[in-house]
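Secondary and tertiary structure notes
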Amino acid sequence: MGRKRLITDSFQVVKRQRQDPDTKEGSLQPEAVPVPAESPTDSALHPAQLEMLKQFDLSWEYGPCTGITRLQRWERAEFLGLSPPLVVRETLLKHERDPSFMHCLWHDYPL
């Protein structure tokens with residue numbers, strides 16, 4: 001029957017070359033990455049408004065929100081007589097250039 005096979009038997013053995021400890025080549029040193037300064041219109045400054053919009057996304061009484069912007073969804077709900085909150089529309093118009101305000105929660109996920 002032979003010896004019992006191990007899962008590691010299926011992989012080729014690769015040996016690494018030794019590094020000279022004086023040169024420090026190959027060491028994993030973190031690189032200095034410049035951090036961009038946050039803009040005053042950054043969405044982190046408006047957590048309460050984003051939470052309100054998140055609740056608007058999660059409320060199914062105004063219809064589905066995938067595939068359209070929050071403003072389009074608000075306008076569709078208004079057209080259908082569903083009485084969406086006016087504060088949502090005002091917030092969306094105030095931040096209409098900011099994608100974190102305009103797109104729904106599931107915008108980054110494929111349909």
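Residues numbered from 1 in each chain as written. Predicted model: local features only at pLDDT ≥ 70, side-chain atom pairs only at ≥ 80, totals over all residues. Heavy atoms only, no water.

**Topic: the environment of Val-88**
One can find Val-88 in helix α3 (residues 86–94). On the accessibility criterion, Val-88 (2% relative accessible area) is buried. Each C-alpha atom, one on Val-88 and one on Leu-53, is 6.7 Å from the other, the two residues being 35 residues apart in sequence. In this structure, Val-88 is in contact with Met-52, Leu-53, Phe-56 and Trp-74, ignoring residues within four places of it in sequence. (Helix = DSSP H or I, 4+ residues; strand = E, 2+ residues; numbered from the N terminus. Buried < 20%, exposed > 50% of the residue type's maximum accessible area, 1.4 Å probe, protein only. Contact = heavy atoms within 4.5 Å.)

**Concerning a nonpolar patch on the surface**
A contiguous nonpolar surface patch, about 380 Å² in accessible area, is contributed by Leu-58, Leu-105, Trp-106 and Tyr-109. For Leu-105, the position within the fold is in the segment after α4 (99–102). (Patch = residues over 30% accessible without salt bridge, like charges linked within 9 Å, V, L, I, M, F, W, Y side chains within 5 Å. Areas by Shrake-Rupley, 256 points an atom, 1.4 Å probe, with all protein chains shown as cover. Salt bridge = Lys/Arg side-chain N within 4 Å of Asp/Glu carboxyl O.)

**As for unusual backbone geometry**
Glycine aside, a negative phi is what most residues show, and trans is what most peptide bonds show. Positive phi is not limited to glycine here, since Ser-83 has a value of about 55°. Tracing the chain through its elements places Ser-83 in the loop between α2 (70–79) and α3. Residue Ser-83 is classed as exposed on the basis of its relative accessible area of 56%.

**As for the environment of Arg-73**
With respect to the helices, strands and loops of the structure, Arg-73 is situated in helix α2. Sequence separation between Arg-73 and Gly-63 is ten residues, and the spatial gap between their C-alpha atoms is 7.5 Å. One polar contact links the side chain of Arg-73 to the main-chain carbonyl oxygen of Gly-63, over a distance of 2.7 Å. (Polar contact = N/O pair within 3.5 Å; in protein donor to acceptor, adjacent residues only side chain to side chain.)

**Description of helix α1 (residues 47–58)**
With twelve residues, α1 extends 16 Å from end C-alpha to end C-alpha; this agrees with the ideal 16 Å at 1.5 Å per step. Every buried residue belonging to α1 is among Leu-53, Phe-56 and Asp-57, and all of these are buried. Down the axis of α1, the smallest arc covering the buried residues is 100°, so these residues share one side. For α1, the exposed residues lying more than 90 degrees away from the buried face are Pro-47 and Ala-48. On its buried face, α1 sits against α2, α3 and α4. (Expected span 1.5 Å × (residues − 1). Arc of directions from axis to C-beta.)

**A word on the packing of α2 against α3**
Where α2 contacts α3, the axes come no closer than 10 Å and their chain directions differ by 145°. Between α2 and α3 lies a crossing whose hand is left-handed. Here α2 contributes Arg-70, Leu-71 and Trp-74 to the contact with α3, which in turn contributes Leu-86, Val-88, Arg-89, Leu-92 and Leu-93. Residues belonging to the contact of α2 with α3 are distributed by class as follows: six nonpolar, no polar and two charged. (Axes fitted to C-alpha atoms, helices over the stretch in contact; angles between N-to-C directions. Left-handed = near helix turned anticlockwise from the far one by under 90°. Nonpolar A, V, L, I, M, F, W, Y, C, P; charged D, E, K, R; others polar.)

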